[in-house]
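# Examining the three-dimensional arrangement
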Amino acid sequence: MRKIHIAIDVDGSPSGYISWHNHFQNKSKIRTLKPYKKNERYGVQRMEMLAVYFAISDNLKIFKTKLKKRGKRKIIVIRSD
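Keep in mind the model is a prediction, meaning the values are calculated, not measured. (Residues numbered from 1 in each chain as written. Predicted model: local features only at pLDDT ≥ 70, side-chain atom pairs only at ≥ 80, totals over all residues. Heavy atoms only, no water.)

## Quick look at the environment of Ile-78
Formally: The helix count covers DSSP runs of H or I at least four residues long, the strand count covers runs of E at least two residues long, and both are numbered beginning at the N terminus. The rule is simple: take the accessible area with a 1.4 Å probe, protein chains only, and divide by the maximum for that residue type; under 20% is buried, over 50% is exposed, in between is partly exposed. Residue contacts are defined here by distance: any two heavy atoms, one from each residue, within 4.5 Å place the two residues in contact.
In this structure, Ile-78 sits in strand S4 (residues 73-80). Among the residues examined, Ile-78 registers a relative accessible area of 30% and is labelled partly exposed. Here the alpha-carbon distance between Ile-78 and Asn-22, two residues 56 residues apart in the chain, equals 9.2 Å. When residues no more than four places from it in sequence are discounted, the contact partners of Ile-78 are Ile-8, Val-10, Val-52 and Ile-56.

## Remarks on helix H1 (residues 43-58)
The line we're drawing: One fewer than the residue count of a helix, multiplied by 1.5 Å, yields its expected span.
Here H1 contains 16 residues, and its C-alpha end-to-end distance of 22 Å stays within 8% of the 22 Å for a straight helix at 1.5 Å per residue. Buried within H1 are the following residues: Gly-43, Met-47, Glu-48, Ala-51, Val-52, Phe-54 and Ala-55.

## Some details on the environment of Ile-56
Its location among the elements puts Ile-56 in helix H1. Using a relative accessible area of 34% as the deciding quantity, one classes Ile-56 as partly exposed. In the structure, Ile-56 is positioned 22 residues away from Ile-78 in sequence and 8.7 Å away in space, judged by C-alpha atoms. In this structure, Ile-56 is in contact with Phe-63 and Ile-78, ignoring residues within four places of it in sequence.

## Structural notes on the pattern of salt bridges
The line we're drawing: Salt bridges are defined by distance alone: a side-chain nitrogen of Lys or Arg within 4 Å of a carboxyl oxygen of Asp or Glu.
Scanning the entire structure with this criterion turns up two salt bridges. Across the pair Asp-9 and Arg-79 runs a salt bridge, and its minimum N-O distance is 2.7 Å. Of this pair, Asp-9 sits in strand S1 (residues 3-12) while Arg-79 sits in strand S4, and the two are 70 residues apart along the sequence. The exposure class of Arg-79 is partly exposed, given its relative accessible area of 40%. Salt-bridge contacts for Asp-58 lead to Arg-31; the nearest nitrogen and oxygen are separated by 2.6 Å. One end of the pair, Asp-58, is in helix H1; the other, Arg-31, is in strand S3 (residues 27-32), and 27 residues separate them in sequence. Under the relative-accessibility criterion, Asp-58 is labelled partly exposed at 25%. Accessibility expressed as a relative area gives 22% for Arg-31, which makes it partly exposed.

## Quick look at the packing of aromatic side chains
To be explicit about the condition: Only rings of Phe, Tyr and Trp enter the pairing, Trp through its six-membered ring, and a pair is recorded when the two centres are within 6.5 Å. The plane angle decides the type: under 30 degrees is stacked, over 60 is edge-to-face, the rest tilted.
According to the stated counting rule, one finds one aromatic pair in the structure shown. Geometrically, the ring pair formed by Tyr-53 and Phe-54 is edge-to-face, given 5.2 Å between the ring centres and 75 degrees between the ring planes. A residue is classified by how much of its surface remains accessible, and Phe-54, at 16% relative accessible area, is buried.

## Some thoughts on the nonpolar core
The test is simple: Definition of nonpolar core: a set of buried residues of the types Ala, Val, Leu, Ile, Met, Phe, Trp, Tyr and Cys, connected through side-chain atoms within 4.5 Å.
With 12 residues, the main nonpolar core is built from Ile-6, Ile-8, Val-10, Ile-18, Trp-20, Leu-33, Met-47, Ala-51, Val-52, Phe-54, Ala-55 and Phe-63. The set of elements that each furnish at least two residues to this core consists of S1, strand S2 (17-22) and H1. Examining the composition of this core, we find that five residues originate from one element, H1, more than from any other. With near-sequence residues (within four places) excluded, Ala-55 lies in contact with Ile-8, Val-10 and Trp-20.

This is the structure we're talking about:
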């Protein structure tokens, strides 16, 4: 069984920027979101999770086309700091 790997790196900052990079297609995207309240305890974690969410939603079409093929095991890796 041949494995297909899709690796995506994500990053988010509490200042309102999130980004992802799809290594499978060599595509990237940077988004600007409304920053969370200043001095909020979990602002960084919130932006990191939003970066993961938008990476999945922006690449959903790619995931669906790669997952259609039967008989092959697919591994999608999403890395965050």
